Amino acid sequence: MESVLVAQALNALFAVAVLALVALGLAVVFGLLGVLNLAHGEVVMIGAYCAYVAQTNGWPFITALPLAIAVCGVLGFVVERWLVSPLYNRPFDTLVLTWGLSLLIRKCAETMFGLGYKNITEPVSGTLDVLGATYPRYRLLLIAVSVGVLVVLVLWYARSRTGTRIKAMVDNPELARALGIRVSRFASATFVAGTCLAGLAGVLIAPLVPVQPFMGLDHILMSFFVLVVGGLGSVAGLLTGAAVIGGTNSVVSAISDSTGGYFCVLVLAILFLWQRPSGIHARR
Amino acid sequence: MRAASVAIVALLLLPLVAGEFWAYQMSLLYVYAIAALGVGLCWGRAGFLPLGQGLFFGLSAYLSGLALIEFDQSFWLLLLVPLAAVASGALALLIGMLVFRRQGESGPYFSMITLALALLAGQVANNWESVTGGFNGLKGIPGLPGLDSFVAAYYVAAVALVLSCVAVFWLYRAPLGVLWAALAHNERRVVLFGFDTNRLKAVAFGVSGLLAGLGGALYAPQQGLVTPQLCGFVLSADLVIWAAVGGRGRLFGPVLGALLIGALTSALRDSFRFWEITIAIVFIAIVLAYPRGLIGMLAPFELWRGKRPQRAAVLGAPARVQSGEVARLQFEEVDVKVGEVQILDRLSLAIDRPGIFCVIGPNGAGKTSTFNVLTGELRSQAGRVRFDGLAIDHLQTHRIVALGIGRKLQIPSVFAHLSIADNLAIALWSGRTKPADLLQPRLRRWSSPLLQALQERYPFLADAERTASELAHGERQILELALALLSEPRLLLLDEPCAGLSPQETAQVIDVIRWASERRGATIVVIEHDMSLVRELADHVFVLHNGSLLAQGSVADIQANDSVKAIYVGSEK
């Protein structure tokens, strides 16, 4: 009995960790730059296809990580430089533009890899005993990686000079520019960091989900709802949002089916829109 | 008109000239074009982007498909098409009311929720096998009774498309269409004219759902097959692309986009494997660089259509129905705190007679915030605001304004992309229209004695077709002031009406304010920094300092007041 409870708790923890990992890139870009990148899900998809490319070439799984960072980093740089940066402070146009971009990336993936599902084998197989429950090693690893990435990022953002400068940029770009901070370069770097994180998340979740060109849609929607519920601009918000959305989704899905879970998440997001439009952890 | 007649003749002749195959192809595209029309309406007019129109198309297609299978060949099924469309429209209206209810949010939230709803609908259609036939969909749907040949189906779709275009054309010409265009660019200003913009947007979304529903209801009998893909992402995305590429801002843009891209897609999809990538790139290019779309490229050829007809004779606007009493305004110990900052600190003041009241005070004294609290845009934490004795501090802005309050903002915020005539018309509709009136295009010809008097003083206001963005700054201030006056409020709030004006223009504005006050006997409250203007205008002065009332009285009283001198000049105390 106890082992079932432990397994359920691990499942919930896993769902929240994965959701937080996937939403992290979007949170960075939306929270710091105010750009809702609708192509975020497609960048996650690119990351997953990087894992697939590594696998078909017979490279070890770990090589997919630098591959994804390279591909998504270059993509993020190009997109920020030529498409997004002319549209800062025009959120509606960025929305439409990144939506078009998501379409383009999806079509490219369709042309290159076809519509079929790809399976990626887990790089770490087998199970581990945790307090009497047997749990897949890869999932445990993923939880650890999510926590690690979040902790490193938070510490770096709170302590480093760059983090302080980014805060200055977010707070008042004009003043930051006047103080000699290269705002456009930091904006570019922030956007690239967001896409790299998305690509990284894509690689890591690839062995656990069917990889196909449309997989990005679910990820962008879930990530967005995480931010709606949790609020922008803090890790606490990200985690709360991931816990609420991930928790609701997995509990309701377990009771009824995935459609029910999806429906509840949607209703929850609309309720938050009414009652707490800036989320549980509002920045101000 | 000529272009429309040519298009209609072409529509009628097409099956005879091009043959049945093209008639079949085109009838599908007509059905899509009807739905794309709705996306153009939301996005190009009302300024919000629905990403999940497939939901309404698919819902209505399933409803009509199920009914056609169930009650094969009964003639009352012809009624079904409009009914299924209405069901989709009602659902869209409901969703619009729910999502727009509080925030007036037109950005990402709305788009994301519509997208999520469409994906949800796709899942439901996929999983609910007993009703929808699951992944393979509903098969073997019979045609509409008596209309099941290809050519008959073609004409049904063509007629539906023409009727939809006529209906949307009507809406765009009606006050409703003007208000959509206005709120897309400056929603706050429309609210300050007393319109419930959230409802206006919900109606726009409802109409778009109705159009998508009409398309879906015709799709089922025409294609004989309804699959979950219709509800989901792909069709929703195509509709947005067609509307954008064709030109979302114009009536025929989305239609052109759907017909052209649709036809090219069916011709090229199999032979040219990069076709869909090309379309995605074209879409991005259009959004980034050429929002007018393909139909915008046709603009140079539109000269042959002849000049726009001039507006016909003006119609007198009815008098605004409101109590003739003098406005009574009371602030009772109003507290406003935003974060750590105390904006208003137990502010109390009262106005109970007509005349010109000036509000002065140093920067940060809470002058504009006082106006914002009054119009319900800033919420107070404590205290009461009463208008005519009625507590208004918890009403929505548009309801407060409808009680007879008008406001001119600090920065001129006329509807820059609308004509002068439409700007003035919106002000005239304020407080004088019932919801049903917004469907009557003749209301655009309204005028009032006050407007005529203003047009005599300022001839540029009669230059009806000129776009407001072409006006000089001074003219914009005058137009803005005219807009605030035209709704004939009993209490008029003017926030720095002379900011940024030359001395000559300032004199003109002062003149209009005095004239309006004497002519209408209204109560006017003016925020002003310039003491020389205050001396000229004010019957009574309120001095605000640190969010509370420091002093009040006539100009002479204020100038003699020591504490007022102290905050302006500084003192030893």
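Small disclaimer: the values here were computed from a predicted structure and weren't measured.

Notes on the interface of chain A and chain B
Of the residues lining the interface, 30 residues belong to chain A; the matching set on chain B comes to 34 residues. Secondary structure elements with two or more residues in the side of chain A that touches chain B: helix H4 (91-113), helix H9 (215-230) and helix H11 (258-275) of chain A. With 14 residues, the top contributor of residues to the side of chain A that touches chain B is H4 of chain A. Per-class residue counts for the side of chain A that touches chain B are 23 nonpolar, 3 polar and 4 charged.

Some words on the pairing of strand S2 (residues 329-338) of chain B
On any regular strand, side chains alternate: one points to one face of the sheet, the next to the other face. Residue and element names in this part refer to chain B. As defined by bridge partners, S2 adjoins strand S3 (residues 341-351) across 7 bridges and the pair is classed as antiparallel. Paired with Val 334 across the bridge in S3 is Leu 347. In textbook terms, the turn of a hairpin is the stretch between consecutive antiparallel strands, and for S2 and S3 this stretch comprises 2 residues, one of which, Gly 339, has a positive phi near 60°. When S2 meets strand S5 (residues 382-387), the two strands line up antiparallel, connected through 5 bridges. Opposite Phe 331, over in S5, you have Val 385 as the bridge partner.

Let's talk about the domain arrangement of chain B
The figure often quoted for interface size is the accessible area lost as the parts come together. Residue and element names in this part refer to chain B. In terms of domain boundaries, chain B breaks down into domain 1 (2-236) and domain 2 (352-378 + 399-569). Centre-to-centre separation of domain 1 and domain 2, based on C-alpha positions: 43 Å. Listing elements by their share of the side of domain 1 that touches domain 2, those giving two or more residues are helix H8 (175-185) and helix H9 (187-192). No other element matches the 7 residues that H8 contributes to the side of domain 1 that touches domain 2. Class assignment for the residues of the side of domain 1 that touches domain 2 results in 9 nonpolar, 3 polar and 2 charged.

Considering unusual backbone geometry
Residue and element names in this part refer to chain B. At Glu 333, a position not held by glycine, the phi torsion is positive, near 50°. The topology assignment puts Glu 333 in strand S2. We classify Glu 333 as partly exposed; it has 14 C-beta atoms within 10 Å. At Asn 546, a residue that is not glycine, the phi angle is positive and equals roughly 50°. Within the secondary structure layout, Asn 546 lies in the loop between strand S11 (540-545) and strand S12 (548-553).

Describing the sheet that holds strand S6 (residues 390-391) of chain B
Residue and element names in this part refer to chain B. Read from one edge to the other, the open sheet built from 4 strands follows the order S3-S2-S5-S6, with strand pairing classed as antiparallel. Since the sheet does not close on itself, it has two edges, and those belong to S3 and S6, each with one partner. Across the sheet, helix H15 (residues 367-374) lies against S2, S3 and S5, angled at about 70° from S3, the strand it touches most.

Focus: the nonpolar core
Counting residues in hydrophobic clusters, the biggest one holds 278 residues, and the most contacted among them are Ala 23 of chain A together with Ala 33 and Ala 36 of chain B. Examining the composition of this core, we find that 17 residues originate from one element, helix H1 (residues 2-33) of chain A, more than from any other. When residues of this core are assigned to domains, at least three fall in each of domain 1 (2-236) and domain 2 (352-378 + 399-569) of chain B. Dropping the residues within four chain positions of it, Ala 33 of chain B is found in contact with Leu 161, Pro 254, Val 255, Ala 258 and Leu 259 of chain B.

What counts as what
Residues numbered from 1 in each chain as written. Chains lettered and ligands numbered in written order. Predicted model: local features only at pLDDT ≥ 70, side-chain atom pairs only at ≥ 80, totals over all residues. Contact = placed C-beta atoms within 7 Å. Helix = DSSP H or I, 4+ residues; strand = E, 2+ residues; numbered from the N terminus. Nonpolar A, V, L, I, M, F, W, Y, C, P; charged D, E, K, R; others polar. Pairing = 2+ DSSP bridges. Domains from an automatic or database assignment. Buried ≥ 20, exposed ≤ 12 C-beta atoms within 10 Å, placed from the backbone. Axes fitted to C-alpha atoms, helices over the stretch in contact; angles between N-to-C directions. Core = buried A, V, L, I, M, F, W, Y, C linked by C-beta atoms within 7 Å.

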